[in-house]
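Listed below, chain by chain, are the residues.
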Amino acid sequence: MTRLKTEWINDLVDNITDNEKKLKDLTGLNFLEFASRANGLPSDKIIEAAKSELVAVVPFTAGLGVINRFSESVAAIVRQAGFDAFVTQKTDADGLYESRRRNATIVFFADDKRYLGWHFKKDRVSDNNISTARGYVEALEFATGGLKDKKTLVIGCGVVGFEIIKHLKTKNAIPVIFDKNDALKWQLAEKLKTSVIADYESIKEFQLILDATSQGQWLHKGMLHDEAWIAAPGIPLSLDDETHEIYGKRLIHDQLEIGTLTMLGNLFRK
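Thresholds, definitions, all that
- Residues numbered from 1 in each chain as written.
- Predicted model: local features only at pLDDT ≥ 70, side-chain atom pairs only at ≥ 80, totals over all residues.
- Heavy atoms only, no water.
- Salt bridge = Lys/Arg side-chain N within 4 Å of Asp/Glu carboxyl O.
- Helix = DSSP H or I, 4+ residues; strand = E, 2+ residues; numbered from the N terminus.
- Buried < 20%, exposed > 50% of the residue type's maximum accessible area, 1.4 Å probe, protein only.
- Pairing = 2+ DSSP bridges.
- Contact = heavy atoms within 4.5 Å.
- Axes fitted to C-alpha atoms, helices over the stretch in contact; angles between N-to-C directions.
- Core = buried A, V, L, I, M, F, W, Y, C linked by side-chain atoms within 4.5 Å.
- Parallel < 35°, antiparallel > 145°, perpendicular 65-115°, else oblique.
- Left-handed = near helix turned anticlockwise from the far one by under 90°.
- Nonpolar A, V, L, I, M, F, W, Y, C, P; charged D, E, K, R; others polar.

Describe the pattern of salt bridges, with residues and values.
Scanning the entire structure with this criterion turns up 10 salt bridges. Measuring nitrogen to oxygen at the nearest pair gives 3.0 Å for the salt bridge that ties glutamate 48 to lysine 51. With glutamate 48 and lysine 51 both in helix H4 (residues 43-52), this residue pair falls three residues apart, about one helical turn. Across the pair aspartate 182 and lysine 185 runs a salt bridge, and its minimum N-O distance is 3.1 Å. Here aspartate 182 pairs with lysine 185, and both are found in helix H9 (residues 182-192), just three residues apart, close to one helical turn. Since its relative accessible area comes to 43%, aspartate 182 is described here as partly exposed. Overlapping salt bridges bring together Glu138, Glu141 and Lys171 as one network.

I'd like to hear about the sheet that holds strand S9 (residues 208-211), residue by residue, with values.
Reading across from one edge, S8-S7-S6-S9-S10-S11 is the order of the six strands in this open sheet, with parallel pairing throughout. In this open sheet, the two edge strands, each paired with only one partner strand, are strand S8 (195-196) and strand S11 (251-252). Packed onto the sheet, H9 meets strand S7 (174-178) and S8 and runs at close to 160 degrees relative to S7.

I'd like to hear about the sheet that holds strand S1 (residues 54-58), residue by residue, with values.
The mixed open sheet is built from five strands, whose spatial order is S2-S1-S3-S4-S5. In this open sheet, the two edge strands, each paired with only one partner strand, are strand S2 (84-87) and strand S5 (124-127). Direction aside, the axes of adjacent strands within the sheet are offset by 20 degrees on average. Bridge count between strand S4 (residues 115-119) and S5: four bridges; the pairing is antiparallel. Residue pairing across strands places glycine 117 opposite serine 126, the latter belonging to S5.

Just give me the short version of helix H11 (residues 257-266), but keep the residues and values in it.
Summarising burial for H11: 10 of the 10 residues are buried, a large majority. All of the buried residues in H11 are Glu257, Ile258, Gly259, Thr260, Leu261, Thr262, Met263, Leu264, Gly265 and Asn266.

Explain the nonpolar core residue by residue, including any values.
Counting residues in hydrophobic clusters, the biggest one holds 63 residues, and the most contacted among them are Phe70, Phe83, Phe108, Ile252, Leu256 and Phe268. Per element, the largest residue contribution to this core is six residues, and it comes from helix H7 (residues 128-144). Ranked by size, the runner-up nonpolar core spans 19 residues in total, among them Leu153, Ile155, Phe178 and Ala232.

Tell me about the pairing of strand S3 (residues 106-110), and please be specific about residues and values.
Of all five residues in S3, five are buried; the element is thus mostly enclosed. Because side chains alternate across S3, one face comprises the buried residues Ile106, Phe108 and Ala110, and the other comprises Val107 and Phe109, equally buried. Where S1 meets S3, four bridges bridge the pair, whose relative direction is parallel. Bridging from a neighbouring strand, valine 55 pairs with isoleucine 106 of S3.

Talk me through the packing of helix H5 (residues 70-80) against H11; I want residue IDs and the actual numbers.
Relative to each other, H5 and H11 sit at 60 degrees, their axes nearing to 10 Å. Judged by the inter-axis angle, H5 sits oblique to H11. Classified by chirality, the crossing of H11 by H5 is right-handed. Of H11, the residues touching H5 (which contributes Val74, Ile77 and Val78) are Glu257, Thr260 and Leu261. Of the residues assigned to the contact of H5 with H11, the class counts are four nonpolar, one polar and one charged.

Below, the structure is given as structure tokens:
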């Protein structure tokens, strides 16, 4: 996962209700519904689970250390989806031990490289990279009414971009790849049997875009199709301020919510 910065999530807890409304305005789904539907589950299944499951979020100090408010933000997202959640007082292995002592059935935790959810009783693990890719593909499909047989540009050929392409194929969409690293772009295209575009100018030909880059502020006015829908898991956001203003009502982007909600729902899939 891209390492978050405190300033990116500093207001997430305070704005959690507004963030849920924004997701619903774009996709028609609140947090609980999104956690369910992004995983092909009926909402009733998650509603029932929320009545009995207790979620712990454990701060990890490995690598560069704890990101301020990360654990609190994850707990806030899970609570907004209807679950009881708490942040452990202890960190790392001691925090995992605390979560079990307090009878948590689910735990979320992250270090510099990986963000995971773990359902103890089901012995099921959710990976944020895979869930973020799945969640943003699903969100784009919910927002646009379907992806089948539609060309969808995937920008960025990293871990999340790779998973996005794989999930688009399950939707019978037609993924097309772009990355500034030509060697990586062609390598991934050959591996996943997809087509590519050669240059930035071609981006504007696509109405459906999944942007998994993390450069920030590089998409400018005139680079996008006038009617483009952009689902952007990449952090920081690629759109500059002017372009963000133009496409804001057709932009799916957050710091943690979609990935975390998809991770949560995935823990209840068979």
